[in-house]
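# Overview (structure and organization)
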2 protein chains.
Amino acid sequence: MAESEKEAALPPKEEFSEWYNELLWMAEIMDVRYPVKGLYVWYPFGFAIRRNTYNIIREILDNSGHQEALFPLLIPENEFMKEAEHIKGFEDEVYWVTHGGRDTLDIPLALRPTSETAIYPMYKMWVRSHADFPIKIYQIVNTFRYETKHTRPLIRLREITSFKEAHTVHATWEDAEAQVKEAIGLYTEIYRRLGVPVLRSRRPDWDKFPGADYTDALDAIMPDGRTLQIGTAHHLGDNFAKTFDIKYETPDGEQRYAYQTCYGISERSIAATISIHGDDKGLVLPPEIAPVQVVIIPIIFKKGAEEVLAACKDVKERLTKAGIRVEIDASDLRPGAKYYKWEMKGVPLRLEIGPRDLQNNVAVAVRRDTGEKEQISLPEIEAGVSSKFEAIHENLYQKAKVELENRIFECTELEEVKNKIQDGVATIPWCGKRECGRAMEDVIGAGILGIPLEQKRDRKEKCPICGEETETRVYVARTY
Amino acid sequence: MAESEKEAALPPKEEFSEWYNELLWMAEIMDVRYPVKGLYVWYPFGFAIRRNTYNIIREILDNSGHQEALFPLLIPENEFMKEAEHIKGFEDEVYWVTHGGRDTLDIPLALRPTSETAIYPMYKMWVRSHADFPIKIYQIVNTFRYETKHTRPLIRLREITSFKEAHTVHATWEDAEAQVKEAIGLYTEIYRRLGVPVLRSRRPDWDKFPGADYTDALDAIMPDGRTLQIGTAHHLGDNFAKTFDIKYETPDGEQRYAYQTCYGISERSIAATISIHGDDKGLVLPPEIAPVQVVIIPIIFKKGAEEVLAACKDVKERLTKAGIRVEIDASDLRPGAKYYKWEMKGVPLRLEIGPRDLQNNVAVAVRRDTGEKEQISLPEIEAGVSSKFEAIHENLYQKAKVELENRIFECTELEEVKNKIQDGVATIPWCGKRECGRAMEDVIGAGILGIPLEQKRDRKEKCPICGEETETRVYVARTY
């Protein structure tokens, strides 16, 4: 639609914010012109990326014993108001439905900002016995936040269109703890499939999920050095179980409160993937989520045009049969314009086939990630393309990993932290006391992201506020 | 969860309403205990049926040139109020969001009852040229109706959780007409895959979609003789295009209003499938949508137990590899209790494997739809199971088709119609005049469903109201 409007150049990726906004538009991922702030439209191309990404998420959850279900969007005020901490965390952000037709509703209905208060009244009825555990259920839904801050497509939304939230129930605190660990592991695996390396940390106490014992989180480092929270897992203790009266019978016949966790991932997964891999020419997509994985460009001269087109169709057919998503661009555009278009859309591999290639029984494969050209023998085109896909995926991940590592700065002074977080994430010793953490944040003017989930604790260092010895470092970052 | 609570007997299917409600609960499709009227919870098992069903819907739409996208849930009041006919049709049923946090919103936001007014402001920007046509976009979303009538899971809902709505744009009225035809054809194909035969008719003018030129619809006949509307396709003319200013440039460079259609299908597709195929023992699912397609029951005696279990595992592995969804029930339940449980869940095929079967190198296959038992040779188990699936699917459809045909009654007198619609659908001549149609409805005490899309017009009959000659018959039915 209106391709011609989009021939303007993409801003360089260095100007990340402009690049990001323009890219979403030029690559037809999101249309930001919907007439309500913070609500955006998924173009078909963007939605295809979403579909492929969420297929990965579903696959990984299903294979680890999760079951998909679906709970209502609307939460009655009385249920929503049950958990005191939870309300405090959300009350400024909740949309309220107050009218149906011309009637005023007896009980206002909240649009779920997250679904604890929709799901746990059901869990109260579903949970009966220790033999039911673990219960591991997830849903993929739209959730709502009345954001007053600056909104941004895929990142800060009033309608989160693609919130995958899992809610689990267990017999003991330790089982729930193990579940949080599993969740962080599964999310890491999901991001590995997207070629996105992550930071994993435990949020400071003042930044945990409202009503949780603790929150572990995954963050990506975005091209401008700010971190983007792209997954969280919360240990809920028995806090919600007590509020919603979720009890189970132990093997001894005792009634006991259950322990719970919940963990979520959203379309920020796509924001991170796009931002981390993209370049000045547009999207660079990992093959697994690319709506078009291979574009075939027939190189046509007057002589031999038919043979070339026939060969292209044959290659398309064979690759399609092998489960690969392929397009032939036989349009009238100049080759350069075709390259521009498909590069913008992040197609991982371009195959050029001309008369000379046919003579040599090859196609010229051009990788989107590196620009490398290489011939692939036509008789082995399926295997050739698949092995390129693997190489592309691995390269994207490794490149991103090096970039991530280069953006983590070990600091000892707060002034240094202030400086380094302009480019990425700083680490700094912290004694663990709340008042020292808050004081550091004040000095730095940015927040403690969290305590890395895995770190060598082999050095004694000093907390920059109180001077107490500690073996713990924390991440500090500017965040989205 | 709480299996034991569900050992109570299902009411006979003759008591359809009770049977339906109990079945949804006992087979773990929907939980109706959510604390808001008209909102229900999809159990994981029910959701798996939903997932398989919507995979079929997506496949058929994708293969016919449709693209999936996603538009916001919230529609600003000023957009929603633009199309006068449309508003009249929905204003009593719309939920309104009036508050965000503690703020009153400047502009109230409607929860989409359907998405014309969310999508068409975007189409105004997307549609440019005749070369863009046809635009065929769909989304699968939750929509909302403030139902004041009696609600019923999957059938009459306040949150329709699974509304597939397509919105297309064309150059001419005729192109849009052809698109409506295509839609009805695709929906028929979807229902063929679900084993559900349909009635296809054009709704009378007073029952068309608000703002449409005409509405074609698919109905199923439910076991109690009432019809359930399970798909609609609307020719929107250029009515919405004029309201939302959707214009395209013709090949001659003229600006002209576009023609549009929209068509929808919802979780009523699942209600119909369940209701039509189910029996006194519970669900009977077409293999393609069954979450569990085969259950293997090891028949265990003291001697040879290990061999039997090993053989069951081997069969499971082989069937799984062939893409079949299999469970082994090696629980401690009596065989009878196992049969009860899996029959309730509609598993199309049960395989029993005992020591004697192993000696004969066979499994005993029991069909859920007919109860027929037959041996399948173990070395050919994959092919044997697949061919049973085909037979089951075909049998379900043919049986339902005969039932449908037996429930259509050709009538000539209105009194006869009144009588026959207690058991199904009546047909009666109609001259086509609105006042005669309305008068018939008054006499009968039920509505004209529509004019069959295909009927032999080879007889001249008399309109029972005005006596005018006509070759047209209409469906009359009690409806859900």
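Basis of the calculations
Residues numbered from 1 in each chain as written. Chains lettered and ligands numbered in written order. Predicted model: local features only at pLDDT ≥ 70, side-chain atom pairs only at ≥ 80, totals over all residues. Heavy atoms only, no water. Helix = DSSP H or I, 4+ residues; strand = E, 2+ residues; numbered from the N terminus. Rg over C-alpha atoms; globule rule 2.2 N^0.38 Å. Buried < 20%, exposed > 50% of the residue type's maximum accessible area, 1.4 Å probe, protein only. Contact = heavy atoms within 4.5 Å. Areas by Shrake-Rupley, 256 points an atom, 1.4 Å probe, with all protein chains shown as cover. Lys, Arg positive; Asp, Glu negative; His and termini not counted. Charge placed at Lys NZ, Arg CZ, Asp CG, Glu CD. Least-squares fit on C-alpha atoms with pLDDT ≥ 70 in both. Pairing = 2+ DSSP bridges. Axes fitted to C-alpha atoms, helices over the stretch in contact; angles between N-to-C directions. Core = buried A, V, L, I, M, F, W, Y, C linked by side-chain atoms within 4.5 Å. Buried area = accessible area lost by both parts, 1.4 Å probe. Salt bridge = Lys/Arg side-chain N within 4 Å of Asp/Glu carboxyl O. Polar contact = N/O pair within 3.5 Å; in protein donor to acceptor, adjacent residues only side chain to side chain. Nonpolar A, V, L, I, M, F, W, Y, C, P; charged D, E, K, R; others polar. Patch = residues over 30% accessible without salt bridge, like charges linked within 9 Å, V, L, I, M, F, W, Y side chains within 5 Å. Arc of directions from axis to C-beta. Disulfide = S-S within 2.5 Å. Phe/Tyr/Trp six-rings, centres within 6.5 Å; stacked < 30°, edge-to-face > 60°. Parallel < 35°, antiparallel > 145°, perpendicular 65-115°, else oblique. Left-handed = near helix turned anticlockwise from the far one by under 90°.

## Re the overall build of chain A
- Within chain A, the regular secondary structure consists of 14 helices and 25 strands.
- Over its C-alpha trace chain A gives a radius of gyration of 25 Å, about what one expects of a compact globule, namely 23 Å for 480 residues.
- Considering only C-alpha atoms, chain A reaches an extent of 80 × 60 × 50 Å along its principal axes.
- Evaluated residue by residue, chain A yields a buried proportion of 58% over its 480 residues.
- The contacts of chain A with a sequence gap of at least 6 include a subset with a gap of at least 24, amounting to 68%.
- Here chain A displays about 19200 Å² of accessible surface, and carbon together with sulfur accounts for 47% of that area.
- Positive and negative charge centroids in chain A, built from 65 and 79 side chains respectively, lie 3 Å apart.

## Focus: the relation of the copies chain B and chain A
- By a simple turn and slide, chain B fits onto chain A: the slide is 0.0 Å along the axis, the RMSD is 0.0 Å, and the turn is 180°. What we have between these two chains is a two-fold relation. Residue B:Val97 of chain B places its C-alpha closer to the rotation axis than any other residue of that unit, at 2.1 Å.
- By residue overlap, the copies meet face to face through one surface: 100% of the interface positions of chain B are interface positions in chain A.

## Quick notes on the sheet that holds strand E16 (residues 326-328) of chain A
Residue and element names in this part refer to chain A.
- The strand order E16-E15-E17-E18-E19 describes an open sheet built from five strands, whose pairing is mixed. Of all strands in the sheet, those bounded by a partner on one side alone are E16 and strand E19 (373-377). Across this sheet, the average inter-strand angle for adjacent strands is 25°, counted without regard to direction.
- Summarising the sheet, strand E18 (residues 362-367) and E19 pair through five bridges and their orientation is antiparallel. Bridge pairing in E19 links Ala-365 to Glu-374.
- Seen against the sheet, helix H9 (residues 305-321) touches strand E15 (294-298), E16 and strand E17 (349-353) and runs at an angle of roughly 170° to E15.

## Comments concerning the nonpolar core
- Counting 88 residues, the largest nonpolar core has A:Leu111, A:Tyr123, B:Leu111 and B:Tyr123 as the members making the most contacts within it.
- Ignoring sequence-local partners within four residues, the contact set of B:Leu111 consists of A:Leu74, A:Val97, A:Leu111, B:Leu73, B:Leu74, B:Val94, B:Tyr95, B:Val97 and B:Phe144.

## Some words on the interface of chain B and chain A
- Counting residues at the interface gives 59 residues for chain B and 59 residues for chain A.
- Between chain B and chain A the total buried area reaches about 5200 Å² when both faces are included, carbon and sulfur atoms providing 63% of it.
- The tally of links between chain B and chain A comes to eight salt bridges.
- Here A:Glu68 makes a salt bridge to B:Arg51, at a shortest N to O gap of 2.6 Å.
- The tally of links from chain B across to chain A stands at 28 residue pairs in polar contact (both at pLDDT 80 or more).
- For the side of chain B that touches chain A, the element with the highest residue contribution is strand E5 (residues 95-100) of chain B, accounting for six residues.
- Considering only residue class, the side of chain B that touches chain A consists of 35 nonpolar, seven polar and 17 charged.
- Relative to E5(B), strand E5 (residues 95-100) of chain A is paired through five bridges, and the arrangement is antiparallel. Paired with A:Val97 across the strands is B:Val97, a residue of E5(B).

## Comments concerning a negative patch on the surface
- Together, A:Glu14, A:Glu15, A:Glu18 and A:Asp280 give the surface a local cluster of negative charge.
- Turning to its location among the elements, A:Asp280 is positioned in the loop between helix H8 (268-277) and E15.

## Observations regarding helix H14 (residues 434-444) of chain A
Residues and elements named next belong to chain A.
- Looking only at H14, the buried set comprises Cys-436, Gly-437, Met-440, Glu-441 and Ile-444. End-on view of H14: buried residues confined to an arc of 140°, all on one side of the axis. With respect to the buried face of H14, the exposed residues turned more than 90 degrees away are Glu-435 and Asp-442.
- Turning to H14, the residues buried within the fold contact helix H13 (414-420), strand E21 (425-429), strand E22 (447-452) and strand E25 (473-477).
- Immediately downstream of H14, the backbone of Gly-445 shows phi near 80°, a positive value.

## Thoughts on the pattern of salt bridges
All names here are of chain A.
- Applying the stated criterion across every chain, the model contains 81 salt bridges over all chains.
- For Arg-318, the salt bridge is made with Asp-314, and the minimal N-O distance between the two is 3.9 Å. A residue pair is termed a helical-turn pair when its members lie 3 or 4 positions apart in one helix, as Arg-318 and Asp-314 do in helix H9 at four residues.
- Owing to a relative accessible area of 38%, Asp-314 belongs among the partly exposed residues under this scheme.

## A closer look at the sheet that holds strand E17 (residues 349-353) of chain B
Residues and elements named next belong to chain B.
- Strand order across the open sheet formed by five strands is E16-E15-E17-E18-E19, with mixed pairing between neighbours. The open sheet is flanked by strand E16 (326-328) and strand E19 (373-377), the only strands paired with a single partner. Ignoring strand direction, the axes of neighbouring strands in this sheet form an average angle of 25°.
- Judged from the five bridges that link them, strand E15 (residues 294-298) and E17 form a sheet pairing that is parallel. Bridge assignment links Pro-298 to a residue of E17, and that residue is Ile-353.
- Where helix H10 (residues 335-344) meets the sheet, it contacts E15, E16 and E17, and its direction lies at approximately 175° from that of E15.

## What to know about the pairing of strand E22 (residues 447-452) of chain B
Residues and elements named next belong to chain B.
- Pairing analysis gives two bridges linking strand E9 (residues 199-202) to E22, with the strands arranged antiparallel. Note that in E22 the partner of Arg-202 across the bridge is Ile-451.
- Looking at chain direction, E22 and strand E25 (residues 473-477) are connected through three bridges and run antiparallel. Considered in E25, the bridge of Gly-450 is made with Tyr-475.

## Description of the state of the cysteines
Residues and elements named next belong to chain B.
- Per the counting criterion, the structure on display carries zero disulfides over all chains.
- This cysteine, Cys-431, is not joined by any disulfide, and Cys-436 carries the nearest cysteine sulfur, 3.6 Å off.
- For Cys-463, which is in no disulfide, the shortest distance to another cysteine sulfur is to Cys-431 and amounts to 3.7 Å.
- Assessed through its relative accessible area of 2%, Cys-463 is described here as buried.

## Description of the packing of aromatic side chains
- A full pass over the atoms with the stated rule returns 34 aromatic pairs over all chains.
- Consider the rings of B:Phe80 and B:Trp96, whose centres lie 5.9 Å apart with planes at 90°: the pair is edge-to-face. Here B:Phe80 is found in helix H3 (residues 77-80), whereas its partner B:Trp96 is found in strand E5, with 16 residues between them in sequence.
- Its relative accessible area of 9% is what places B:Trp96 among the buried residues.
- Aromatic ring contacts, followed pair by pair, group A:Trp25, A:Tyr43, B:Phe71, B:Tyr120, B:Tyr123, B:Trp126, B:Phe240 and B:Phe244 into a single cluster.

## Considerations on the side chain of A:Glu147
- As for its position among the elements, A:Glu147 is in the loop between strand E7 (135-144) and strand E8 (159-170).
- What A:Glu147 contacts, discounting residues up to four positions off in sequence, is A:Lys37, A:Arg156, A:Leu157 and A:Arg158.

## Section: the pairing of strand E9 (residues 199-202) of chain A
Residue and element names in this part refer to chain A.
- Of the two faces of E9, the one lined by Leu-199 and Ser-201 is fully buried and the one lined by Arg-200 and Arg-202 carries no buried residue.
- Pairing between E9 and strand E10 (residues 214-221): four bridges, direction antiparallel. Within E10, the position partnered with Arg-202 by the bridge is Asp-216.

## Describing the side chain of A:Thr427
- Along the chain, A:Thr427 falls in strand E21.
- Not counting chain neighbours up to four residues away, the residues in contact with A:Thr427 comprise A:Ile408, A:Phe409, A:Glu410, A:Cys411, A:Arg473, A:Val474 and A:Tyr475.

## What about the environment of B:Ala290?
Residues and elements named next belong to chain B.
- Relative to the helices and strands, Ala-290 is located in the loop between helix H8 (268-277) and E15.
- Assessed through its relative accessible area of 0%, Ala-290 is described here as buried.
- The sequence separation of Ala-290 and Ser-275 amounts to 15 residues, and the corresponding C-alpha distance is 15 Å.

## Quick word on the packing of helix H1 (residues 16-26) of chain B against H8(B)
Residue and element names in this part refer to chain B.
- In contact at an axis separation of 11 Å, H1 and H8 are set at 115° when each is read in the N-to-C sense. In terms of orientation, H1 and H8 fall into the roughly perpendicular class. Our pair here, H1 against H8, has a crossing hand that is right-handed. Taking contact as the criterion, the partners of Phe-16, Trp-19, Tyr-20, Leu-23 and Leu-24 in H1 are, on H8, Ala-271, Ile-274 and Ser-275.
- Its residues assigned to classes, the contact of H1 with H8 shows seven nonpolar, one polar and no charged.

## Observations regarding unusual backbone geometry
- Here the amide bond leading from A:Phe133 into A:Pro134 is cis, since omega sits at -10°, within 30 degrees of zero.
- When you line up the elements, A:Pro134 lands in the loop between helix H5 (116-126) and E7.
- Even without glycine at this site, A:Asp245 takes up a positive phi of about 60°.
- Mapped onto the secondary structure, A:Asp245 falls in the loop between helix H7 (239-244) and strand E12 (247-249).
- One non-glycine residue with positive phi stands out, namely B:Leu154, at about 70°.

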